[in-house]
Amino acid sequence: MAGTDFGHALGLSRALSAMPLSPLVGGYGELLAAQQTLGLRHLGEMLIPPGGRLRVLDGVFGVTGPGRRRHVGTAALRALRREAPDPAAARLLERLAAIQHADPAALRRVLLYQLTHLLHDHPQGHLPATTAGFGVDPAEAAALVHAAAGRARLDEGQRTAAEALPDDVLEHRIRCAARRAALLPPPGGDRPLAGLLAGLAARAAAADAALAVARRAEEQGDPERARVHYEEAAALAGDCPRAVRGLVRTHRPDPGDPGPLESVLVPGGIELRWPPGDFGDTRWRVVRLTRGEPAGSPLAEVAGRAGGGVLVDRGAGIGSEVRHVALPLGAGGAVDGPALIGAPLAVGPAVPEPAAVDGNGWIEASWTPPAGADRCEATLTGPGGRVPVPPAARTGLRETLRAQGLAPGRYELEVRARYTPAGDAGRGTLSAPVTAAVTVHAWPAPVLTLTAVAREAGGVEFRRTGGDGARVRLVEWPGAAPAEGTELTAADLPPPLEWADPEQPGTAAATGAAAAGPPPTGSPGTGSFCVGRPPPGSLTTVSAVSVLGTRVLAGPSVLVEAPVPVTGLALRRTAPGLLRVTFDWPGAAGTVTATVTQDGLRTAFAVARSVFLREGLQLSVTPAALSVEAQAAPRSARSLLAAPGSDARANLPADKAIAYELVPGARRGLRRGPAVVRVTVRAPGSVPGPDLPQFVLVARGDGGRNPRRPGGPAAGTAVCRVTGAELAAAAAVTGTGTGTVERPIDTAAAPGRPYALRGFLLGGAAASVRLEEPPLLSLVVR
């Protein structure tokens, strides 16, 4: 049987002398993927009819019976393509026909390569029956097993290298092809592979020689000559990293160059744009260089081709700095012509547009850090140069920083995101800067203190410190007053305080201020700057604000209360040592304070509304003269109480009293003399004048055992009179304001016994003198 003993040759002349180590077919990866999609173990399964057998030792034949075999050439493959019901199978057959047409030995080589791996992977691959199970003619099964056993077994990495090697050579990736070739065992009898490897080694050596000349020229300071040799090395080995990096180092733009390759960060990658120009149908090999990687590291190619226009690189690592080089390819796929070189680009999204606002000597900036960024770094430059800024603080998804103590002027904020490549904490890149301009405006000086002092006639004087150079306004906030130093705008301000606004001349406030001097509104200084009159019954939180243009600083506040005046104040002594005070309760006041001034002392008495309405107000006093002032008490312990518009004051003279008593007459034997009336005047603290009332003693008898007392001066008979002048003269003798006058009762005018006596005061001053009466029983004469 032909071919059972593999001597030094396998198959016909120009056929393989040994089982192939590589299919040596370009695009084998795509071919294999299409085969696996159709569920084929090897490509020969689609070349024979059902029940047929495959022969591969002396060419590719389909055996359908004894003595009946058909050579599978280009025509047969295209006939099979026309008969294929599956479009995917038809496309694969068309591809195989093209391969067979280009190289009649290529299809047989691919089939031998695939059958060898099937036998190496099968646990019984050493048996001819296994080969027959793969559809191989039994006449060749033993010889194929024998040949496969003599070929070196390839691991997964070696298989990948063997299958991708032809593509690298076709695409002039000589360095990559050399690395793959180094993984393969010696080619042995595989003469086509040996020839390919020999040519590959020669080309790599030529590229090394060109590199050596280029390096020497570069070291000698001749970049132009070095560039020529780097281009030569790149033409020999299009993926040579040293050649491409040398082109970048020695690149010097010429006046006629089309311009650099433009690279721009876009979402999901880097967009590469060719410069304007007519590049025709030129194909390009675009490679990416990464800063920090070893000089001999394999070049990273950007997937896709572009004849000019736009290409997107989606493989750059976040945090790296890259540079792209576009190498033009000639008709054979080798580098042919000067490269287009892009500028270095940090791979990291820029910080989205930051937001910056200014305030009273500060700038606050915020931004959202891009995904993958380690941190963001910000710089602030002002009129005086670089300004130190604190580290940004993270709040949720945002980062914020606040720079303080800034002088007015224009500032520029620059924010960059820092990225660190994975697994390399020592390196990192900064994204492109994003800038934002912000102006720190001048703000008014703050009002430091605000005080209020009560003045006459219900006025209040306001005094302040601070606010130099600014307009100072007094306002009442509709709600709670903002904290001191709160930054506001003029639109935030409520209307000026109507009754005390230094900005409104002609009001009552301005009139009051004019009395004390010109108002210092808007000028520096400390002291009084406004006098106003709060409405009665008001409780107002008055706040000072400083205004400069449209910017406002909230200042301190003071609580001012204007009580409702007390009216109807009246005083009356109800008994010795007791004073009754009456008045009209002032509005909604909760407490009224009555202040008694007597004997040089002031004593305040507070009375609540409920107690006053229920019990009134009675005070313990001395007989001396006194005065009482009444005003509503403040509703808040913190408020300044403005003086009421009119005084609630009443005076009460000293407690003048005239007392009388009946003194029995002296005994004369068995009889008594006529009774005597002793009248005493008391005026504490002073000598009474002649305006004292007249005292008259009236007797009344009605014949009963218990006569009724006289109801008035005319309700009986006057039995004794003492004039006011006589009482004043008696008090003047003692000099103490107390004097006594005794008069006998006119018994002749008295009615018959028993009768009742009673004293009365007559005259204009009678209402201001109190009459003190003795016990009633002592005034009955029997």
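Residues numbered from 1 in each chain as written. Predicted model: local features only at pLDDT ≥ 70, side-chain atom pairs only at ≥ 80, totals over all residues. Heavy atoms only, no water.

Asker: For this particular structure, what's the right way to read a positive patch on the surface?
Answerer: Side chains of Arg 215, Arg 216, Arg 225 and Arg 242 sit close together on the surface and give a patch of like positive charge. Since its relative accessible area comes to 45%, Arg 216 is described here as partly exposed. (Patch = residues over 30% accessible without salt bridge, like charges linked within 9 Å, V, L, I, M, F, W, Y side chains within 5 Å. Areas by Shrake-Rupley, 256 points an atom, 1.4 Å probe, with all protein chains shown as cover. Salt bridge = Lys/Arg side-chain N within 4 Å of Asp/Glu carboxyl O. Lys, Arg positive; Asp, Glu negative; His and termini not counted. Charge placed at Lys NZ, Arg CZ, Asp CG, Glu CD. Buried < 20%, exposed > 50% of the residue type's maximum accessible area, 1.4 Å probe, protein only.)

Asker: Help me understand the packing of helix α8 (residues 174-183) against helix α9 (residues 191-219) in this model?
Answerer: In a pair of packed helices, the angle between the axes and the distance between the axes together describe the arrangement. Between α8 and α9, whose axes approach to 10 Å, the crossing angle comes to 130°. Judged by the angle between their axes, α8 and α9 are oblique. At the point where α8 passes α9, the crossing takes the left-handed sense. Residue-level inspection shows Ile 174, Arg 175, Ala 177, Ala 178 and Ala 181 of α8 in contact with α9, the latter providing Leu 197, Leu 200, Arg 203, Ala 204, Ala 207, Asp 208 and Leu 211. Among the residues making up the contact of α8 with α9, the classes are represented as nine nonpolar, no polar and three charged. (Axes fitted to C-alpha atoms, helices over the stretch in contact; angles between N-to-C directions. Helix = DSSP H or I, 4+ residues; strand = E, 2+ residues; numbered from the N terminus. Parallel < 35°, antiparallel > 145°, perpendicular 65-115°, else oblique. Left-handed = near helix turned anticlockwise from the far one by under 90°. Contact = heavy atoms within 4.5 Å. Nonpolar A, V, L, I, M, F, W, Y, C, P; charged D, E, K, R; others polar.)

Asker: Where do I start with the packing of aromatic side chains in this structure?
Answerer: In this description, a pair of aromatic rings is defined by centroid distance and the angle of the planes. Tallying each qualifying case throughout the model produces seven aromatic pairs. Taking 6.0 Å as the distance between ring centres and 90° as the angle between the ring planes, the aromatic pair formed by Tyr 28 and Tyr 113 counts as edge-to-face. Placement of Tyr 28 in helix α1 (residues 28-37) and of Tyr 113 in helix α4 (residues 106-121) is noted, with a sequence separation of 85 residues between them. Between the aromatic rings of Phe 462 and Trp 499, the centroid separation amounts to 6.1 Å while the plane-to-plane angle is 40°, which identifies the pairing as tilted. Highlighted residues: Phe 462 in strand β22 (residues 460-466) and Trp 499 in the loop between β24 (487-489) and α12 (508-516), separated in sequence by 37 residues. The class for Trp 499 is buried, based on a relative accessible area of 12%. Three or more aromatic residues joined by ring pairs form one cluster here, namely Phe 583, Trp 585 and Phe 612. Positioned above the aromatic ring of Phe 61 is the side chain of Arg 69, whose terminal nitrogen or guanidinium carbon lies 4.1 Å from the ring centre. Lying across the ring of Trp 362, Arg 402 places its NZ or CZ 3.7 Å from the centre. (Phe/Tyr/Trp six-rings, centres within 6.5 Å; stacked < 30°, edge-to-face > 60°. Lys NZ or Arg CZ within 6 Å of the ring centre and 35° of its normal.)

Asker: Explanation requested: the pattern of salt bridges in the structure shown.
Answerer: Any two side chains of opposite charge can pair if their charged atoms end up close together. This model, assessed by the stated rule, comprises 37 salt bridges. Measuring nitrogen to oxygen at the nearest pair gives 2.6 Å for the salt bridge that ties Glu 94 to Arg 81. Note that Glu 94 is positioned in helix α3 (residues 87-102) and Arg 81 in helix α2 (residues 74-83), a separation of 13 residues in sequence. By relative accessible area, Glu 94 is classed as partly exposed at 32%. Classification of Arg 81 by relative accessible area gives partly exposed; the value is 29%. One network of salt bridges, with partners in common, ties together Glu 171, Arg 173, Arg 285 and Glu 301.

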